[in-house]
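What follows is each chain in one-letter form.
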Amino acid sequence: MPSTLNHVTRPNKKKQVSQPTPAPADTPWYADGLRFECTQCGKCCSGEPGYVFIDEAETAAMAAELKMSVDEFEQKFTRRVGRQSSLIEYPDGDCIFLEPKTRHCMVYNSRPIQCRTWPFWDSTLATPADWQETCEVCPGAGTGTLYSLDEIEIRRTEKPV
């Protein structure tokens, strides 16, 4: 027999339906957040040739992790691209710090900002389709920890990529 204990009518009262507040026009499509958990698979460190731009502090941190002088590190692992320094790559486009056998980063604890902010880059967040492509390539994108809009924006704007 159905219970009517939870059914209460209130005469002369209009039913109020709350409507979601529309998001401002400049709210990004990912305003509800995105999930990401690094699996250290190395897929974001391989593929097409490109640049991982580094500054002096990043250079010093990686050199320290490898127990090298900054000069030795720069000579062995960097190249000049205009006025900037970039990590060198293997001929197939893999980052020089992507260990070929394990596919793990050899400087993970001191990796550059560009690497630490993956996958929250302008290029991967431009559209939902761009994010979907990222999720298809990166096993950690779309899973794991839910990053809020504020957390994503901090990472996205830390270094334009």
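Higher on the page you've got the structure.
Residues numbered from 1 in each chain as written. Predicted model: local features only at pLDDT ≥ 70, side-chain atom pairs only at ≥ 80, totals over all residues. Heavy atoms only, no water.

> How should the packing of aromatic side chains be read in this particular structure?
The relation between two aromatic rings is expressed through the spacing of the ring centres and the mutual angle of the planes. A complete count under the given rule lists 9 aromatic pairs for this structure. Aromatic pair Tyr51 and Phe53: ring centres 5.3 Å apart, planes at 15°, arrangement stacked. Using a relative accessible area of 43% as the deciding quantity, one classes Tyr51 as partly exposed. With centroids separated by 6.1 Å and ring planes inclined at 5°, the aromatic side chains of Phe120 and Trp131 adopt a geometry described as stacked. Taken together, the residues span a long stretch of sequence, with Phe120 in the loop between α3 (113-116) and α4 (122-125) and Trp131 in helix α5 (residues 128-137) at a distance of 11 residues. What makes Phe120 buried here is its relative accessible area of 1%. Overall, the relative accessible area of 7% leaves Trp131 in the buried class. A connected cluster of aromatic rings, assembled from ring pairs, spans Phe36, Phe120, Trp131 and Tyr147. Against the face of Tyr108 rests Arg111, its NZ or CZ located 3.8 Å from the ring centre. (Phe/Tyr/Trp six-rings, centres within 6.5 Å; stacked < 30°, edge-to-face > 60°. Buried < 20%, exposed > 50% of the residue type's maximum accessible area, 1.4 Å probe, protein only. Helix = DSSP H or I, 4+ residues; strand = E, 2+ residues; numbered from the N terminus. Lys NZ or Arg CZ within 6 Å of the ring centre and 35° of its normal.)

> Is there a simple way to explain unusual backbone geometry in this structure?
A cis amide bond links Trp118 with the next residue in sequence, Pro119, at an omega value of 5°. For Pro119, the position within the fold is in the loop between α3 and α4. One non-glycine residue, Lys67, lies in positive phi territory at about 60°. With respect to the element layout, Lys67 can be found in the loop between α1 (56-65) and α2 (70-77). You can call Lys67 exposed: its relative accessible area is 76%. Non-glycine residue Arg103 carries a positive phi angle of around 65°. Within the secondary structure layout, Arg103 lies in the loop between β4 (84-87) and α3. Classification of Arg103 as partly exposed rests on a relative accessible area of 28%.

> I tried to follow the sheet that holds β4 on my own but got confused; where do I start?
Neighbouring strands of a sheet are bound in pairs by backbone hydrogen bonds; such pairs are parallel or else antiparallel. Spatial strand order, β2-β4-β3: 3 strands in an open sheet with antiparallel pairing. Each of the sheet's edge strands pairs with one partner strand only, and the pair in question is β2 (53-54) and β3 (78-81). Pairing of β2 with β4, which is carried by 2 bridges, proceeds in the antiparallel orientation. Paired with Ile54 across the bridge in β4 is Ser85. (Pairing = 2+ DSSP bridges.)

> Would you mind going over the packing of α1 against α2 with me for this structure?
Packed helix pairs are specified by the crossing angle of their axes together with the interaxial distance, meaning the distance between the axes. Running from N to C, α1 and α2 point in directions that differ by 100°, and their axes come no closer than 9 Å. As judged from the angle between their axes, α1 and α2 are roughly perpendicular. Side by side, α1 and α2 meet where Thr59, Ala60, Met62 and Ala63 of the first sit next to Val70, Phe73 and Glu74 of the second. When the residues that make up the contact of α1 with α2 are grouped by side-chain class, the tally is 5 nonpolar, 1 polar and 1 charged. (Axes fitted to C-alpha atoms, helices over the stretch in contact; angles between N-to-C directions. Parallel < 35°, antiparallel > 145°, perpendicular 65-115°, else oblique. Contact = heavy atoms within 4.5 Å. Nonpolar A, V, L, I, M, F, W, Y, C, P; charged D, E, K, R; others polar.)

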